[in-house]
Amino acid sequence: MGTEQAAGVEISEPLLLETEADRKIRVVDSDEQEEEEIIPEWKEQITIRGLVVSALLGALFCIITHKLNLTVGIIPSLNVAAGLLGFFFVKSWTGFLSKLGFHVKPFTRQENTVIQTCVVACYGLAFSGGFGSYLLSMDEKTYKLIGEDYPGNRAEDVKNPGLLWMIGFIFVVSFLGLFSLVPLRKVMVLDYKLTYPSGTATAMLINSFHTNTGAELARKQVNCLGKYLSISFIWSCFKWFFSGIGDSCGFDNFPSLGLTLFNNTFYFDFSPTYVGCGLICPHIVNCSVLLGAIISWGFLWPFISQRAGDWYPADLGSNDFKGLYGYKVFIAISLILGDGIYNLIKIIAITIKEICRNSTNDQNIPVIKEVADSDSSKLLVEQRKRDEVFLKDRIPFWFAASGYVALAAISTATMPMIFPPLKWYLVLCSYIIAPALAFCNSYGTGLTDWSLASTYGKIGLFIIASLVGSNGGVLAGLAACGVMMSIVSTAADLMQDFKTGYLTLSSAKSMFVSQLVGTAMGCIIAPLTFWMYWSAFDIGTPDSPYKAPYAVIYREMAILGVEGFSELPKHCLAICSGFFVAALAINLLRDLTPKKVSQFIPIPMAMAVPFYIGAYFAIDMFVGTVILFVWERINRKDAEDYAGAVASGLICGDGIWTIPSAILSIFRINPPICMYFKPSSS
């Protein structure tokens, strides 16, 4: 949702249109110094060193994404870190070889853009691949957690994670989205002039790296990132020594706000990752998460727990869906669905309105006018050069169409082998309507910077689960969710990358190929890094640090699609309906009120996350947002320049520690000390 922008750097490009033979443009940096930049051919933009760096960073960000997915389910944008680290690694490598006397190829912003695209495509599959949501909700642990006697929860609808079938599944569903909208790249980027805010911000960042002042700022940002990465890694290592055996020891269970609040999950757990998320996420997101924690764990759950014996049997376990646990999950689902459905309808309405306006507006095709103003002339020449580069390396329509048809045929034949309840004709129908949904999501992302891939996935989940029914509907619905989510997510990512490539004068063909390569990397790296977590840690247990909150939520959604609402606890449906309507009303209020008011209205989707997980990470994220708020008041420019680097360092350092931690766990090497707290009276 938010965007990061490079501050303090101006980029302006060609002053004179050069001949095609030269294929040169002029770049003027913020010091008004001119230098010539040769735009490399699309094949030269994709380099071996770039792919190696992309694989390394893709693996790191997959590890980080899995950790966030399996703990709280909130994943901030790591695009700034990807661009910054890609720039740092290649610059360091070329500088090192130059000092040894080797001739090295210059590092261009086009190569930087290719690395960025490849890394984002790779770690994007750690999210859209469903390793913390729909795939994990198929496993036996989630099935038993919901209850073996729970209506609609059948043992036949269980499929435990397996490395080979997960890699196969990711391969057959992840590439279709890349082919679905390629023919519309000119329409989306040039004709409709969609902004794609995150793609534009990424382009600004990459452009700034390749100016004199931008390179100096990038060097300082890398030093800052490295400093906080080291601090975070050392702190995570230090915490491990006190975490003991089990899940009740160490700084992760430190009652920093007192034991009473600790029992209601209100405590600061000293997590660099969540503090880093708080620094990256907008203030309103962090405050919404904290408000959701206060409403749920401060008031609602204590209120409902006092009705034990009346609303639900008092002797139920803490993870029984017929008790308090059921209220937690279903109320969180109602908020998520309310927010998702509202934004889906809103963005479809905006999309239809904009398409209709563009189709009747004479300005939907760029018109070149003679202008006397020198600045306007310069901007016009820049746009002409960007258009020329963007349209030069065409991707044939027949290639995109035949690729989509071939991949759809392979997937239609393969999916029923992996998930027998999902019949081939249901997969085929999904692929027939998927391009239309991918267009809606990509267009909406271009307008609002909000991808609703998970919402489209949930819609597919409900429809297929209800069509298949009680005989395999849960498994079929979850698999269909993955099909739909993968297509609309990768299609939106590709259009975002086309926008970035357009603004950095990168070839559209190199963007497409780097997306293909990054997706292929992700199909291998994302399952492998998930398997590291699965082998080393207790995944999916409610009392574990890796509780995988969305696994239970997605399975319950599939059961609801099959069984309906008949088995909810007492008054649960009424409360859920209230929160569903509240989510719609809050979103409507955010859109109807002036910006100076709406910026203080909470976001229901963010409020929903702590309802099920707990309040501890909300405290951490709020600490991050307070640090950023104070920093902005003291020195706004420094905060804009370095907050992203500090946050990325905190997240990456904690993520890197996961690797030695997993190795220690696999070899059954336990922390030597268990630090825990209890009342002095006991």
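Bear in mind the structure is a predicted one, so any value in this text is a computation, not a measurement.

Digging into helix α12 (residues 272–280)
Then, number 1: The buried fraction of α12 is high, at nine of nine residues.
Then, number 2: Buried residues of α12: Pro272, Thr273, Tyr274, Val275, Gly276, Cys277, Gly278, Leu279 and Ile280, and no others.
Then, number 3: For α12, the elements touching its buried residues are α2 (48–71), α10 (212–240), α13 (283–305), α25 (616–634) and α26 (636–666).

Let's talk about the side chain of serine 510
Then, number 1: Residue position: serine 510 is located in helix α20 (residues 508–536).
Then, number 2: Judged by relative accessible area, serine 510 falls into the buried class, the value being 0%.

A closer look at the state of the cysteines
Then, number 1: Applying the stated rule across the entire model yields one disulfide.
Then, number 2: Each sulfur of the disulfide joining cysteine 249 and cysteine 674 lies 1.8 Å from the other. Taking the sign of the S-S torsion, -70° for the link of cysteine 249 and cysteine 674, the bridge is left-handed. Placement of the pair is cysteine 249 in the loop between α10 and α11 (259–263) and cysteine 674 in the segment after α26, with a sequence separation of 425 residues.

What to know about the packing of α12 against α25
Then, number 1: In the contact formed by α12 and α25, the axes pass within 7 Å of each other and the chain directions differ by 50°. As the angle between them shows, α12 and α25 are arranged oblique. Considering the relative orientation of α12 and α25, their crossing is right-handed. Contacts between α12 and α25 involve Tyr274, Val275, Cys277, Gly278 and Leu279 from the first element and Tyr616, Phe617, Asp620, Met621, Gly624, Thr625, Ile627 and Leu628 from the second.
Then, number 2: Among the residues making up the contact of α12 with α25, the classes are represented as nine nonpolar, three polar and one charged.

Quick word on unusual backbone geometry
Then, number 1: Its identity is not glycine, yet threonine 265 carries a phi of approximately 70°, on the positive side.
Then, number 2: As for its placement among the helices and strands, threonine 265 is situated in the loop between α11 and α12.
Then, number 3: The backbone of phenylalanine 270 sits at a positive phi, close to 60°, despite the residue not being glycine.
Then, number 4: Relative to the helices and strands, phenylalanine 270 resides in the loop between α11 and α12.
Then, number 5: For phenylalanine 270, a relative accessible area of 24% translates into the label partly exposed.

Procedures and definitions
- Residues numbered from 1 in each chain as written.
- Predicted model: local features only at pLDDT ≥ 70, side-chain atom pairs only at ≥ 80, totals over all residues.
- Heavy atoms only, no water.
- Buried < 20%, exposed > 50% of the residue type's maximum accessible area, 1.4 Å probe, protein only.
- Helix = DSSP H or I, 4+ residues; strand = E, 2+ residues; numbered from the N terminus.
- Contact = heavy atoms within 4.5 Å.
- Disulfide = S-S within 2.5 Å.
- Axes fitted to C-alpha atoms, helices over the stretch in contact; angles between N-to-C directions.
- Parallel < 35°, antiparallel > 145°, perpendicular 65-115°, else oblique.
- Left-handed = near helix turned anticlockwise from the far one by under 90°.
- Nonpolar A, V, L, I, M, F, W, Y, C, P; charged D, E, K, R; others polar.

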